[in-house]
Amino acid sequence: QVQLVESGGGLVQAGGSLRLSCAASGRTFSNYAMGWFRQAPGKERDFVGAITRSGGSTYLADSVKGRFTISRDNAKNTVDLQMVSLKPEDTAVYYCAASSALRDLPNRFYEYPYWGQGTQVTVSS
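So, here's what we can say about the structure. (Residues numbered from 1 in each chain as written. Predicted model: local features only at pLDDT ≥ 70, side-chain atom pairs only at ≥ 80, totals over all residues. Heavy atoms only, no water.)

## Notes on the nonpolar core
Leu4, Met34, Trp36, Phe68, Leu81, Met83 and Tyr94 are the most contacted members of the largest nonpolar core, which has 34 residues in total. Of all elements in the fold, only β1 (2-7), β3 (18-26), β4 (33-39), β5 (45-51), β7 (68-73), β8 (78-83), β9 (92-99) and β11 (119-124) reach the threshold of two or more residues within this core. (Core = buried A, V, L, I, M, F, W, Y, C linked by side-chain atoms within 4.5 Å. Buried < 20%, exposed > 50% of the residue type's maximum accessible area, 1.4 Å probe, protein only. Helix = DSSP H or I, 4+ residues; strand = E, 2+ residues; numbered from the N terminus.)

## Remarks on the environment of Tyr59
By the element assignment, Tyr59 lies in strand β6 (residues 58-60). Residue class for Tyr59 comes out partly exposed when judged on its relative accessible area of 36%. A sequence separation of 12 residues divides Tyr59 from Ser71, and the C-alpha atoms of the two residues are 11 Å apart.

## Things to note about the state of the cysteines
This structure, assessed with the given rule, holds 1 disulfide. Linked covalently through their sulfurs, Cys22 and Cys96 form a disulfide whose S-S length is 1.9 Å. Judged by the sign of its S-S torsion, about 45°, the cystine formed by Cys22 and Cys96 is right-handed. With Cys22 in strand β3 and Cys96 in strand β9, this pair connects stretches of sequence that are 74 residues apart. In this pair, the class of Cys22 matches that of Cys96, namely buried. (Disulfide = S-S within 2.5 Å.)

## A word on the packing of aromatic side chains
The full count for this structure, using the stated rule, is 8 aromatic pairs. Relative to Phe47, the ring of Phe37 has its centre 5.6 Å away and its plane inclined at 75°; by these criteria the two rings are edge-to-face. Note that Phe37 is positioned in strand β4 and Phe47 in strand β5, a separation of 10 residues in sequence. Of the two residues, Phe37 and Phe47, neither departs from the other in class, the shared state being buried. Members of the aromatic cluster, each reached through a chain of ring pairs, are Phe37, Phe47, Tyr59, Tyr95, Tyr112 and Trp115. One Lys or Arg, Arg45, reaches over the ring of Tyr95 and ends 3.8 Å from the middle of that ring. Lying across the ring of Trp115, Arg45 places its NZ or CZ 4.8 Å from the centre. (Phe/Tyr/Trp six-rings, centres within 6.5 Å; stacked < 30°, edge-to-face > 60°. Lys NZ or Arg CZ within 6 Å of the ring centre and 35° of its normal.)

Structure below.
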């Protein structure tokens, strides 16, 4: 079992930046690929990005590529999502998730059995 707790959400103006952090506890953090997803009201939960177990590679959705960056610190059991040039359409609840899937960079929600409670990001125009 892996417990995940996100932090860092808030209200920001368009063009601004936020850094989300996810702290993990429980089983060995480095055994899991980590992902970020988001869900806007009335919409499905969308994949944002993923990072490999070692942190050596990342994969970002086209909608955030060039604006968002994922990093992890296996010594601190944390994974971060740095967001810059935020747009109103980035408004959503953001979730971090842990995956033990065989794929290095899983991008489907069903590949992630462990989820945090989510943190709200609101981008005003």
